[in-house]
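This is what each chain is made of:
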Amino acid sequence: MKKRFKKIYVEITNICNLNCSFCSKDNKQKKEMTVDEFKTIISKIKDYTDYIYLHIKGEPLTHSKLDYILTVCDLNNINVNITTNGTLLKDKYNILNNHKSIRQINVSLHSENNKDNYFEEVFDTCKLLSTKMFINYRLWTLEDNKLDKKSTIIVNKIRKHYNLSTDIVNKKIDNNTFIDFNNLFIWPDESLGLNINAKCYGLINQLGILVDGTVVPCCLDSNGVINLGNIFVEDLDEILNSSFAKDIIKGFKDNKSICKLCKNCNFRERFISNIKDNNNE
């Protein structure tokens, strides 16, 4: 029986139209995945998950063949989540609105851009799209989810546009539209000097596939530091059954990090308590 993942991240492009300071820097060659490469990936992973995220790094809406990429997902009954900086939502509305495979669009409202009427365009486009899919506005906050000045301004824009009361109840704007607050985090880096040992969802609930086909344990390894193999030359089952992958999984289950990058990832502190709660259910 094949292992099932809650989600698999597929980086259809690592090219972005912005250069936000909170995003990690990488040294990967910039490119976009061809439609044939994407078809190969879907054929190899569709029996392992029902949900893919078209994002690790890069802005997925910049992909020149986005319409074809989403058609492949439609034909394979794959549910798609897209994370975007929102700058191209209006331009890509017709494409996004035309595909049944899109389950949710996550919009990072903290993107650093100079586009005129950015918020109005995002909110108006998302209102239209929300009749067919979930919309999730993402905001970075300070420690303990406290709003900084920028976040407060953005929240007030949301309240005004959606005619909301002072409080956004349960972070829900309407039936299909939500707002998600998360503390700004430090991207994992082998040079951080941490020594974190904890459970992790990597290779247990999720994995990632970079634009060049490199398979990694999670979406935070944008440089492919933990290279498990290449989906273009190996089957996923072969990659998952390697001794390296098995050692990583066993380590996470035993509260251990066998990879230096994982030892230097403080993002895991966010969901350690969630894993404990799930294990006690």
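Residue indices follow the written sequence of each chain, beginning from 1 at its first position. Where local features are concerned, this predicted model is filtered to residues with pLDDT of at least 70; where side-chain atom pairs are given and counted, the filter is 80 or more; whole-chain, interface and lining totals use all residues. The side-chain quantities take in all heavy atoms of the structure and omit both hydrogens and water.

## Section: the packing of helix α4 (residues 118-129) against helix α5 (residues 149-161)
- Note on method: axes are straight lines fitted to C-alpha atoms, helices fitted across the in-contact stretch only, with angles between N-to-C directions ranging 0 to 180 degrees. Secondary structure elements are taken from DSSP: a helix is a run of H or I of four residues or more, a strand is a run of E of two residues or more, and numbering for both begins at the N terminus. Where α4 contacts α5, the axes come no closer than 11 Å and their chain directions differ by 50 degrees. With respect to α5, the axis of α4 lies oblique. In the packing of α4 onto α5, the handedness of the crossing is right-handed. Two secondary-structure elements touch here, α4 through Phe-119, Glu-120, Phe-123, Asp-124 and Lys-127 and α5 through Ile-154, Lys-157, Ile-158 and His-161.
- Throughout, the ten residues Ala, Val, Leu, Ile, Met, Phe, Trp, Tyr, Cys and Pro are labelled nonpolar, Asp, Glu, Lys and Arg are labelled charged, and all others, Gly among them, are labelled polar. In terms of residue class, the contact of α4 with α5 is built from 4 nonpolar, 1 polar and 4 charged. Roughly parallel covers angles under 35 degrees, roughly antiparallel covers those over 145, roughly perpendicular covers 65 to 115, and oblique covers all other angles. Here is the rule for handedness: rotate from the far helix to the near one, and if that takes an anticlockwise turn smaller than a right angle the crossing is left-handed, while a clockwise turn gives right-handed. Contacts: residue pairs with any heavy atoms within 4.5 Å of one another.

## Quick word on the environment of Leu-70
- If you trace the backbone, Leu-70 turns up in helix α2 (residues 66-75).
- Three exposure classes are used, based on accessible area relative to the maximum for each residue type with a 1.4 Å probe and protein chains only: buried under 20%, partly exposed in between, and exposed over 50%. Residue class for Leu-70 comes out buried when judged on its relative accessible area of 0%.
- Each C-alpha atom of the pair Leu-70 and Leu-96 lies 8.4 Å from the other, and the pair is 26 residues apart in sequence.
- Apart from the residues within four sequence positions on either side, Leu-70 is in contact with Leu-54, Val-80, Ile-82, Ile-95, Leu-96, His-99, Ser-101 and Ile-102.

## Considerations on the pairing of strand β3 (residues 79-84)
- By the criterion of burial, β3 is predominantly enclosed, with 5 of the 6 residues buried.
- Both strand β2 (residues 51-53) and β3 contribute to a ladder of 3 bridges, which runs parallel. Within β3, the residue paired with Tyr-53 across the bridge is Asn-81.
- When the strands point away from the viewer and the connection leading from the first strand across the helix to the second strand turns clockwise, the crossover is called right-handed. For the segment spanning β2, α2 and β3, crossover handedness is right-handed.
- Strands are treated as partners if at least two bridges between them are detected by DSSP. With 5 bridges connecting them, β3 and strand β4 (residues 102-108) associate as parallel partners. Residue Thr-83 lies in a different strand from β4, and its bridge partner there is Asn-106.

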